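Observations on the three-dimensional arrangement
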Amino acid sequence: QVQLVESGGGLVQAGGSLRLSCAASGRTLSSYAMGWFRQAPGKEREFIAGISKNGGITEYSDSVKGRFTISRDNAKNTVYLQMNSLKPEDTAVYYCAAKFAYYANQYDYYYANQYDYWGQGTQVTVSA
């Protein structure tokens, strides 16, 4: 079992920045590809960023590309999401998720049902 705990959410003005963290316990994250998803009220959970288990590949949705950066520190068992130039439409609950991965430098996990473990989410609210 992997337990994931997100932190770093909050209220920020448009144009501001936040850094989300996802800390894992139970097992080492080095065996898992990681993803960040978000869910706004009345909308489906959507993929926004992912990273291969060795950190060599990162992927982003078009909505956040160029503004958000995913990274990981396997020694700290933590994954990060740096969010810059935030917009009101970024307001959502943000979730991290872990997917057991056989290959170190592969990432093709864009759907929520591909993931094995989820955190409880952290709220991000961007005011206009």
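Anyway, here's the lowdown on the structure attached to this text. (Residues numbered from 1 in each chain as written. Predicted model: local features only at pLDDT ≥ 70, side-chain atom pairs only at ≥ 80, totals over all residues. Heavy atoms only, no water.)

**Examining unusual backbone geometry**
In this model, Asn 77 sits at a positive phi of 55°, which is unusual for a non-glycine residue. By the secondary structure assignment, Asn 77 is in the loop between β7 (68-73) and β8 (78-83). A relative accessible area of 14% means that Asn 77 is categorised as buried. Even without glycine at this site, Ser 85 takes up a positive phi of about 50°. (Helix = DSSP H or I, 4+ residues; strand = E, 2+ residues; numbered from the N terminus. Buried < 20%, exposed > 50% of the residue type's maximum accessible area, 1.4 Å probe, protein only.)

**Some words on the state of the cysteines**
Applying the stated rule across the entire model yields one disulfide. In this model Cys 22 forms its disulfide with Cys 96; the gap between the sulfur atoms is 2.0 Å. When the S-S torsion is 55°, as for the bridge of Cys 22 with Cys 96, the disulfide is right-handed. Taken together, the residues Cys 22 in strand β3 (residues 18-25) and Cys 96 in strand β9 (residues 92-100) connect sequence positions 74 residues apart. When sorted by exposure, Cys 22 lands in the same class as Cys 96, which is buried. (Disulfide = S-S within 2.5 Å.)

From the geometry alone we can't say anything about function, so treat these as descriptive.
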